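Spelled out, the chains give:
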Amino acid sequence: MKPIMYYSTNLKTKPVTFKDALIKGLAPDKGLFMPEKIPEISRDELVSFPQMPYHEIAYAIANKFLEGEIPAQKLKDLISDAYNYEVPLQNVYDRKYVMRLDQGPTASFKDFAARQMARLMQFYLGEEKRELLILTATSGDTGSAIANAFYGLDNIKIVVLFPLHEVTSRQRKQMTTLGRNVRIMALDAKFDDCQALVKRAFTDSDLDHLKLSSANSINIGRLLPQTMYYFYAYAKLTRSVDEQIIFSVPSGNFGDMMGGLIAMRMGLPVKRFVIATNSNDEFPEFLSSGRYEKIVPSKNCISSAMNVGHPSNLSRVVALYGGVMDETGLVTKMPDLKQMNRDMHAVSISEAETKNAIKEAYAKHKLILEPHGAVAWAALQQYINDSGQNTPDQLMVSLETAHPAKFPEEIREILSIEPNLPQSLEGIEAKEESFMQLENNYEVFKRHLLQNYG
Ligand SMILES: *Cc1c(COP(=O)(O)O)cnc(C)c1O
């Protein structure tokens, strides 16, 4: 079988293999890699999934993309090693569920992508005896998931940039208490500024010899793992494969949602995705008007990992629907907006609605949501009210992307309770932190990289 190749959304780079796309991160023309072909899951396969544990479903999906690239047994092993934790599907009422993607080592859904990607990269680097410097910007959860997933691996060094005032102290401590091959830098700036420095470094030929690679949601290795839990939820909850499901996805950089859209293209019976954003509502605006306007600077909301004014994965979404959007957000070819609106219903949720959703979910259902999951839950409730889809039988799953204990201040303020600490966060308060503060200036950042890693 011929392996699937990966093209750049800017269309100015020759298609590359999965391995090259994974190691490179960003395409040389600043576009994002996308699979040329989206493999299909057959009806028979869908029928077999309900009997399988998470890692077996994950392997079946991964193998569709990577057959002929990685030996099957190797792939099986690294995936079952990556997914050694629970994926609870919590019933809330009728057939409405919350999927808790918060049981990994850093208690956010980013563990799913980071753990699989780290193992894939290690596999390829080990083959070639190469070294890499992973550079990543984070709005909170990516940094800790990546740092933890790569922590202690040979041949790989990690640099994480984060906006000093936009992450919670627990999020920060999950990165700054590691050490070893992990270096953390804070910018007194916004997430978008951190992302801009990182993106510029990738296209700076003066830094070629540093062997930079990206672990941000722009990396294709982050995307594939984010298709798997959609299949899992469906497999575990559906009554038959003739039934359609609705997902609500709290979205910032749209990696999570992009994973869902790929799952749908692969043949997962999805009726619709509710795309939930906070006040950074450039995508809901785009879907309704066809005009794309970045939000600069991005707005600060309590769902801080979603404070993204120009989501990088949007160019992938546009590509999936036949359009072209470059890295600046310029749409040079319109995607099929009609089809996008059939597949997705986008809702922007305000701060007040977010807090209210946390309050209501707890009061009505004893369900503890953190701000990101609350945005998704609130958007799903709005969709149910507005769309007439409120039959008790319609299967719906809202994604909870982080553990409430990562946002204790908000939970305390809104619910006056103390969320239980998951095992992965125990003892973190007492650990010693180490990070450096850097000016929001590309030349300063570049000099630092050259001096320390050159
Ligand atoms: C990153 C993140 C999101 C947003 O995911 P995207 O793939 O960037 O849309 C939502 N919730 C939490 C907790 C996150 O860490």
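Everything here concerns the structure above.
Remember, predicted model here, so these are calculated numbers, not experimental data.

Chemist: What am I meant to see in the site of the ligand here?
Modeler: Within the structure, the ligand sits among 15 residues, and Lys110, Asp141, Gly252, Asn253 and Thr401 are positioned closest to it. Take Asn253: an N or O atom from its main chain is 2.8 Å from an oxygen atom of the ligand. Within the contact set of the ligand, an oxygen atom lies 2.8 Å away from a backbone nitrogen or oxygen of Asp256. If the ligand stood free it would expose 390 Å²; the protein chains cover 98% of that surface. The residue inventory of the shell around the ligand, partitioned by class, reads six nonpolar, six polar and three charged.

Chemist: What exactly am I supposed to notice about the packing of helix H8 (residues 191-202) against helix H18 (residues 442-453) here?
Modeler: For any two helices packed against each other, the geometry is given by the interaxial angle and the distance between the axes. It is the contact of H8 with H18, at a shortest axis distance of 10 Å, that shows an interaxial angle of 55°. Viewed along their axes, H8 and H18 adopt a mutual orientation that is oblique. Remark: the crossing between H8 and H18 carries right-handed chirality. For the pair H8 and H18, the contacting residues are Leu197, Arg200 and Ala201 in the first and Tyr442, Glu443 and Phe445 in the second. When the residues that make up the contact of H8 with H18 are grouped by side-chain class, the tally is four nonpolar, no polar and two charged.

Chemist: Please clarify how unusual backbone geometry should be interpreted in this entry.
Modeler: In this chain, Val296 is followed by Pro297 through a cis amide linkage whose omega measures -10°. Position of Pro297 relative to the elements: it lies in the loop between helix H12 (282-289) and helix H13 (314-320). Of note, the phi angle at Asp94 is positive, near 40°, even though the residue is not glycine. Checked against the element boundaries, Asp94 lands in the loop between strand S3 (89-93) and strand S4 (96-100). Phi is positive for Lys366, close to 55°, though the residue is something other than glycine. In this structure Lys366 comes out as exposed when scored by relative accessible area, which is 59%.

Chemist: Looking at this model, I keep getting lost on the state of the cysteines. Mind explaining?
Modeler: Think of a disulfide as a covalent bridge from one cysteine sulfur atom to another cysteine sulfur atom. In total, this model carries zero disulfides according to the counting rule given. In this model Cys194 remains outside any disulfide bridge; the closest cysteine sulfur is found in Cys301, 17 Å from its own.

Thresholds applied
- Residues numbered from 1 in each chain as written.
- Predicted model: local features only at pLDDT ≥ 70, side-chain atom pairs only at ≥ 80, totals over all residues.
- Heavy atoms only, no water.
- Near = heavy atom within 4 Å.
- Polar contact = N/O pair within 3.5 Å; in protein donor to acceptor, adjacent residues only side chain to side chain.
- Areas by Shrake-Rupley, 256 points an atom, 1.4 Å probe, with all protein chains shown as cover.
- Nonpolar A, V, L, I, M, F, W, Y, C, P; charged D, E, K, R; others polar.
- Axes fitted to C-alpha atoms, helices over the stretch in contact; angles between N-to-C directions.
- Helix = DSSP H or I, 4+ residues; strand = E, 2+ residues; numbered from the N terminus.
- Parallel < 35°, antiparallel > 145°, perpendicular 65-115°, else oblique.
- Left-handed = near helix turned anticlockwise from the far one by under 90°.
- Contact = heavy atoms within 4.5 Å.
- Buried < 20%, exposed > 50% of the residue type's maximum accessible area, 1.4 Å probe, protein only.
- Disulfide = S-S within 2.5 Å.

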